[in-house]
Amino acid sequence: MTQPAAPSSAPPPAQPQQTTPSMELREIVFGAARAGAVRAAARLGVADALGEEPATAEELAAAVGAQAGPLRRLLRALTTYGIFAETGDGRYVHTEMSRLLRDDAAASLRHIALWCTEPWTWEVWPNLDQAVRTGQEVFTGLHGKGFFEWLHADAPESAEVFDKAMTRSSMQSARDIAEHLDLTGVTSVADIGGGQGHVLAALLEKHPGLTGTLLDLPQVVEGADPRLRRGGALADRARLLPGDCRRKIPVDADLYIIKNILEWDDDSTRRTLDNVVAAGRSGARVLVIENLVDDSESMRFTTAMDLLLLLNVGGHKHTADGLAARMTDAGLTVGDIRPVNPYLHGFHATVP
């Protein structure tokens, strides 16, 4: 029962019945059950175990090492949200959403689902009122050290989930960014705080005449995309530069890309933008790519991320006006603001 995913032949999920405000609020406050059910399915590997033929709860339980009765209850809960569907004879089949929990799905969200429901998340959410009162993160008070220090020192399994989730997310968005960008007149690009360099690799693959630099912390650059490292297909056009963009950006480029790193705190945002302006020659292009908490098709998702950033690092997502103002304050000339995909917006600017 582990065949690769194929187009779904599952019946569409039943249309939800009209609910009252009271019932809607009850469902919202039980949201932890919904997230927990998705996490359980992802950890058990239920979506990977279910192939193209309908399967019973007993068959799936045997495949994932679970008890049939509790698994049937888990599946019953998930089907109410369109994650899996039940046939008339009590078997289960895939839906579009359940396929996203498969590891082999092109747009898999399995590791994102695990990351957003890691044990530490259940510890910080009940303290949201405290974070709202103080405007400060609560993670340090709970664990005695900052989030990223704790993650890499005390929670290696969670750190691995984080790395896999960010890798998968970056690989998926890199393709969208490569399609989004018009690189007319650009011969060099710098991916600032670019993680493993998936965006840079996608751009170098699409534009054979392009050269690029990946700037990130030393331990991050060491794990760069294999295509960019020595011996990789793109290595002769790529430079891997260890550094901290909040301190200095020693790169001269036609285009600077800053993706999803202006969210940790206002001081980091200011210093990073100031350093880009200091590094870039007049007329150099700057592309800032961020999730927004307004003007977005994914408001529920991005506002949830915004609150989680408040809780764990004291950061925040931006509004379009707020981010444009920060870029302007740093000295950039902001031009177009365009969606890259339903989750990301690109802010196109130049160094004066």
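All of these numbers come straight from a predicted model, not from anything done at the bench.

Cut-offs and rules
- Here the residue index of a chain counts from 1 through its sequence in written order.
- Whole-chain, interface and lining totals are the exception, using all residues; otherwise, since this is a predicted model, local features are given only for residues with pLDDT of at least 70 and side-chain atom pairs are given and counted only at 80 or more.
- The basis for every side-chain value is the complete set of heavy atoms in the structure, and neither hydrogens nor water enter the calculation.
- By the criteria applied, helices consist of DSSP H or I runs no shorter than four residues and strands consist of E runs no shorter than two, each listed in order from the N terminus.
- Each radius of gyration reported is based on C-alpha atoms, and the globular scaling rule is 2.2 Å times the count of residues to the power 0.38.
- Note on exposure labels: buried denotes an accessible area under 20% of the residue type's maximum, exposed denotes more than 50%, and partly exposed covers the range between, all computed with a 1.4 Å probe on protein chains only.
- All accessible-area figures derive from a Shrake-Rupley calculation using a 1.4 Å probe, and residue coverage is judged against the displayed protein chains alone.
- Only four residue types enter the charge count, namely Lys and Arg as positive and Asp and Glu as negative; His and the chain termini do not.
- Charged groups are reduced to one reference atom each: NZ for lysine, CZ for arginine, CG for aspartic acid, CD for glutamic acid.
- A contact between two residues is defined here by any heavy atoms of the two lying within 4.5 Å.
- Each direction from the helix axis to a C-beta atom contributes to the arc, which is the arc of those directions.
- Just to be clear on terms, a salt bridge is a Lys or Arg side-chain nitrogen sitting within 4 Å of an Asp or Glu carboxyl oxygen.
- Pairs of strands are assigned from DSSP output, requiring at least two bridges between the strands.
- When the strands point away from the viewer and the connection leading from the first strand across the helix to the second strand turns clockwise, the crossover is called right-handed.
- Throughout, nonpolar core names a set of buried Ala, Val, Leu, Ile, Met, Phe, Trp, Tyr and Cys residues whose side chains join them through atoms within 4.5 Å.
- Here an axis means a line fitted to C-alpha atoms, over the contact stretch when the element is a helix, while the angle between two N-to-C directions is reported on a 0 to 180 degree scale.

### Description of the overall build of the protein
- Within the protein, the secondary structure is distributed over 17 helices and 9 strands.
- Against the compact-globule benchmark of 20 Å for 352 residues, the protein has a radius of gyration of 22 Å, which places it among compact chains.
- Along the first, second and third principal axes, the C-alpha set of the protein runs to 65 × 50 × 40 Å.
- Out of the 352 residues in the protein, the part that is buried amounts to 46%.
- If you sum the accessible surface of the protein, you get close to 17,800 Å²; carbon and sulfur atoms cover 54% of it.
- Averaged over its 34 positive side-chain charges, the protein has a centre that lies 2 Å from the centre of its 46 negative ones.

### Some details on the environment of Leu114
- Mapped onto the fold, Leu114 is located in helix 7 (residues 110-115).
- Overall, the relative accessible area of 7% leaves Leu114 in the buried class.
- Taking the C-alpha atoms as reference points, Leu114 and Ala41, separated by 73 residues in sequence, lie 9.8 Å from one another.
- Excluding residues within four positions of it along the chain, Leu114 makes contact with Arg39, Ala42, Arg43 and Val161.

### Focus: helix 4 (residues 57-64)
- Buried residues of helix 4: Ala57, Leu60, Ala61 and Val64, and no others. Down the axis of helix 4, the sector holding all buried residues measures 100°, keeping them to one side.
- On its buried face, helix 4 sits against helix 2 (31-44), helix 3 (46-49), helix 5 (68-79) and strand 2 (92-93).
- Among the residues trailing helix 4, Gly65 stands out with phi positive, at a value near 75°.

### Let's talk about the pattern of salt bridges
- A full pass over the atoms with the stated rule returns 22 salt bridges.
- Where Arg227 meets Asp225, a salt bridge forms, and the shortest distance between an N and an O atom there is 2.6 Å.
- Among the salt bridges present, the one from Asp274 reaches Arg270, with a minimum N-O distance of 3.7 Å. A residue pair is termed a helical-turn pair when its members lie 3 or 4 positions apart in one helix, as Asp274 and Arg270 do in helix 15 (residues 266-279) at 4 residues.
- Here Asp274 falls in the partly exposed class, since its relative accessible area comes to 32%.
- Using a relative accessible area of 44% as the deciding quantity, one classes Arg270 as partly exposed.
- Each of Asp267, Arg270, Arg271 and Asp274 takes part in one network of salt bridges that share partners.

### Section: unusual backbone geometry
- You will see that Phe84, though not glycine, has its phi angle at about 75°, which is positive.
- Residue placement: Phe84 occurs in the loop between helix 5 and strand 1 (85-86).
- Within the chain, Asn260 stands out as a residue other than glycine whose phi angle is a positive 55°.
- Counting through the fold element by element, Asn260 comes out in the loop between strand 6 (255-259) and helix 15.

### Comments concerning the environment of Leu228
- Assignment of secondary structure puts Leu228 in the loop between helix 14 (218-221) and strand 5 (238-242).
- Each residue touching Leu228, except ones within four places of it in the same chain, is listed here: Gln196, Gly197, Leu200, Ala201, Leu204, Leu214, Leu234, Ala235, Ala238 and Leu240.

### Focus on the pairing of strand 3 (residues 188-192)
- With 5 of 5 residues buried, strand 3 is to be regarded as a mostly interior element.
- Residues Ser188, Ala190 and Ile192 of strand 3 are buried on one face, and the alternating residues Val189 and Asp191, pointing to the opposite face, are buried as well.
- Taken together, the 5 bridges between strand 3 and strand 4 (residues 211-216) define a ladder with parallel strand orientation. Within strand 4, the residue paired with Val189 across the bridge is Gly212.
- Once you follow strand 3 into helix 13 (residues 198-206) and on to strand 4, the crossover reads as right-handed.
- Here strand 3 pairs with strand 6 via 4 bridges, running parallel. The residue bridging Asp191 from the neighbouring strand is Ile257, located in strand 6.

### Observations concerning the nonpolar core
- Ile249, Tyr256, Ile258, Val286 and Val288 are the most contacted members of the largest nonpolar core, which totals 28 residues.
- At the level of secondary structure, the elements contributing two or more residues to this core comprise strand 3, strand 6, helix 15, strand 7 (285-290), helix 17 (320-329) and strand 9 (345-350).
- Among the elements that line this core, the one with the most residues is helix 17, at 4 residues.
- The contacts of Ile258, once residues within four sequence positions are left out, are Ile192, Leu273, Val276, Val286, Leu287, Val288 and Ile289.
- Formed by 25 residues, the second largest nonpolar core is a distinct cluster that contains Val199, Leu200, Ile257 and Leu344.

### With respect to the sheet that holds strand 3
- The 7 strands are arranged 5-4-3-6-7-9-8 in an open sheet whose pairing can be described as mixed. Looking at strand neighbours, the two that pair on one side only are strand 5 and strand 8 (333-339), the edges of this open sheet. On average, each strand axis in the sheet is inclined to that of its neighbour by 20°, with strand direction left out of account.
- Sitting on the sheet, helix 15 touches strand 6 and strand 7, and the angle it makes with strand 6 is about 170°.

Interpretation note: all reported values are geometric properties and have no functional meaning in isolation.
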